[in-house]
Amino acid sequence: MVVDYKARKNEVLDSYDQLEELISALQEYARAIRIPDPLERMGNLMEDIRGKVGRVREDRFTIIVAGESKSGKSTFINAYLGMELLPMDVKQCTSAIVAIKYGKEFSVKATYADGRKDVIRGDDAAREFLQKNAALDDNYRGIPVPTINSEILVKSGLRASKKGAQISVSETEIAKMLESPEVKAANIHNLSDYNERIRAYIENKKQFWQDIVTKIEVTFPFDEDLRGIEIIDSPGVCARGGVSSITSQYIKKADAVIFLKPVIGQSLESEQFHQFMENVSVVRNKKALFLVLTHMATKNDADIRRLEEEAYKQFSSKLDKSNILFVDSKAELYAKKFIHVENIEDELRRLNSEGTLDDFVTKAYTQTNGLFGRGSMTDFINKLQEKSRFHQVYDSLETFGRKAHYILLAALLDSINNIYAKLWSDTISRIDMFREKAEDPNELARKIAMVKQELDSIQNKLSRGVDGVVRRFRGEEGIIKKEAELAVQDFLNAVKNINPKADGVFSELETISVQKIDQFKELTKTLQTQVVDEFDKELIALSDKSSIPFQSIKPEFTEETFRQIKESTKSKAEETKSYEEGITFKKTHSYSVYVQDKHFDLIKENILERLGILKNDLISNLEDFVENIRTKYIEELAQNAKAKKVELDAIMEAKITAEQNLKIIKDLQEQAEVISASQGVVKKLKGGIWKYVQHIDETESGYHV
């Protein structure tokens, strides 16, 4: 089941455009018959809808690419883009993040360690800069340059710069780094002079620390299909799968996180990938993670089936089977290149004479055309695409990577449906009033007086009802405190199962702790929504006993409403922020293996102390939120009731003839039909998108072992 996201997106945006047209028509008609603006009480809803539309139109789709040494990240990115944008002949990247996105011209913006920025424009200059700043001196290949740059040189340089002094790297700092498990494990070539090379690199580069490039932003005038996509080429992961703090920030926000692993010359087992999966930022965005096994073009069908079986066995216990892909980037790049070559045979001969033609390309040509003979070039290109298996990448990213985008489409349709429901309810109410005006003006006056009394009664009774809701949520026995304490107890139970002497114990503790933080955040959102739902239930119960439709007076709370109330109730925000950003875990990255279990207990107690503070914060903030949301709800209801009374008075006082009255009723009936039909289209479209999102959820969960 594959859904074309662009088609769905355009359908949703068409529905929004129809809503705007309808609203303009309704407002113009309201002015003509001199009744209040039908959107007067829906301004926040339309603001919310327009904000979501802006995000849909922007359509930012971020892919971050990480991988093992020699995994071919640059080749993969070039194959995805369909052009040789990044240099592919480098064996190890520097510590720079490379961000690639659409721009009106080909340019490179470089950010240096000291904060300087430089812009390089033009094809040749931009490519030359990328080549120079992606490659390393041969003397330093095999050492963890990204780690040394970010953790030693840049940090030492910035400290010295703040003091106005020359850079100084302490021997203690270097020794700590050399003894760290991550750096020791990075000696994958078992170099005998490994530590000496690291020291030489630090000594030779430290005076030029400010010239280390930390970020490269590449813009290129891509075709329309790629304009919303941003690709992040991350610095290579270390031997234990670790990533830099900068890379972690990108991973948390990415729509897709792609980890590349080559299938040639090494075991399929990957400690790097398993460690990468345990990274906190990856854990927080695990559904977006894809393992892409590369260099598949040289494998026959039997080998591929064996690799698939082995990969699913190795990785599917922690990763969805549908997110394990098998591709060959070079084959895809060849296929896309040859599509634009006028004479493919001449190009093949040229590459062959240069000694750069891959064997699998020659084999694909022979299978479809004979050895440089006559035949179909289309079949040849199709054979390369078949070998590349890159359709897996496109289909998976379109399906699973786009999940958040489909959810946004559904949320936008939900908001549009909500405003249609209010418009329809208000229109039916106006029809009844104008009909009453035509039949018996005195009866209309009596009815309006009764509705006003009902509005006042609802306001008074609702105040008592929401007070009861507030009491259920607040206090020592309230829902808020019980849920917060249960969350902390769940954390304690999870920590009890950790062996303090085991490898990776600190990563496990950090992961569990951050997961609990995320659960706290979700608990906050859930309880906030639950409170408003309870208020709505009270209002529904009261409006059902009156002649006033619930939709006509219901207060509408958007994401912005919740944000404003949250900001007004936030306490000890810096403490919460520091915990979320991992300051608690700084000590875990410099532990001593000789006292690991003691250090574990210290870190655990520190986390528990901070978690206790966070729990109290959550309780305090949520209880304040409940009070503020109660006030806001009553205020919104009062404003809606007042606006309803003004509208009723306008209808009562309207100076129109019987003929004009009948015309208004007919016009309003036609408007109600249009609203109902438009709402029907939105409901159908939303149902299809939600069904698709549920299909993704079922597919993901169905592959877990």
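### A short note on unusual backbone geometry
Phi is positive for R34, close to 60°, though the residue is something other than glycine. Mapping R34 onto the fold places it in the loop between α1 (5–32) and α2 (43–58). Within the chain, D59 stands out as a residue other than glycine whose phi angle is a positive 50°. Among the structural elements, D59 can be located in the loop between α2 and β1 (61–67).

### Details of the pattern of salt bridges
All chains considered together, the criterion is met by 46 salt bridges. Between K73 and D233 there is a salt bridge whose closest N-O contact spans 3.0 Å. In this pair, K73 sits in helix α3 (residues 73–81) while D233 sits in strand β6 (residues 229–233), placing the two residues 160 residues apart along the sequence. For the pair K73 and D233, a shared accessibility class is recorded, and that class is buried. Close ionic contact of R350 with E347 constitutes a salt bridge, the shortest N to O distance being 2.6 Å. Of this pair, R350 and E347 are both found in helix α14 (residues 344–354), 3 residues apart, which corresponds to roughly one turn of the helix. The class for R350 is partly exposed, based on a relative accessible area of 36%. A relative accessible area of 13% means that E347 is categorised as buried.

### Brief notes about helix α16 (residues 377–388)
Between its first and last C-alpha atoms α16 spans 17 Å; for 12 residues at 1.5 Å apiece the expected length is 16 Å, and the two agree. Taken together, the buried positions of α16 are occupied by F380, I381, K383, L384, K387 and S388. Within α16, the buried residues cover an arc of 155° as seen down the axis, which keeps them to one side. What points out from α16, more than 90 degrees from its buried face, is the exposed set T378 and E386. The backbone nitrogen of T378 has a side-chain oxygen 3.3 Å away, supplied by the residue at the start of α16, namely S376. At the exit of α16 stands R389, carrying a positive phi of roughly 55°.

Calculation notes
- Residues numbered from 1 in each chain as written.
- Predicted model: local features only at pLDDT ≥ 70, side-chain atom pairs only at ≥ 80, totals over all residues.
- Heavy atoms only, no water.
- Helix = DSSP H or I, 4+ residues; strand = E, 2+ residues; numbered from the N terminus.
- Salt bridge = Lys/Arg side-chain N within 4 Å of Asp/Glu carboxyl O.
- Buried < 20%, exposed > 50% of the residue type's maximum accessible area, 1.4 Å probe, protein only.
- Expected span 1.5 Å × (residues − 1).
- Arc of directions from axis to C-beta.
- Polar contact = N/O pair within 3.5 Å; in protein donor to acceptor, adjacent residues only side chain to side chain.

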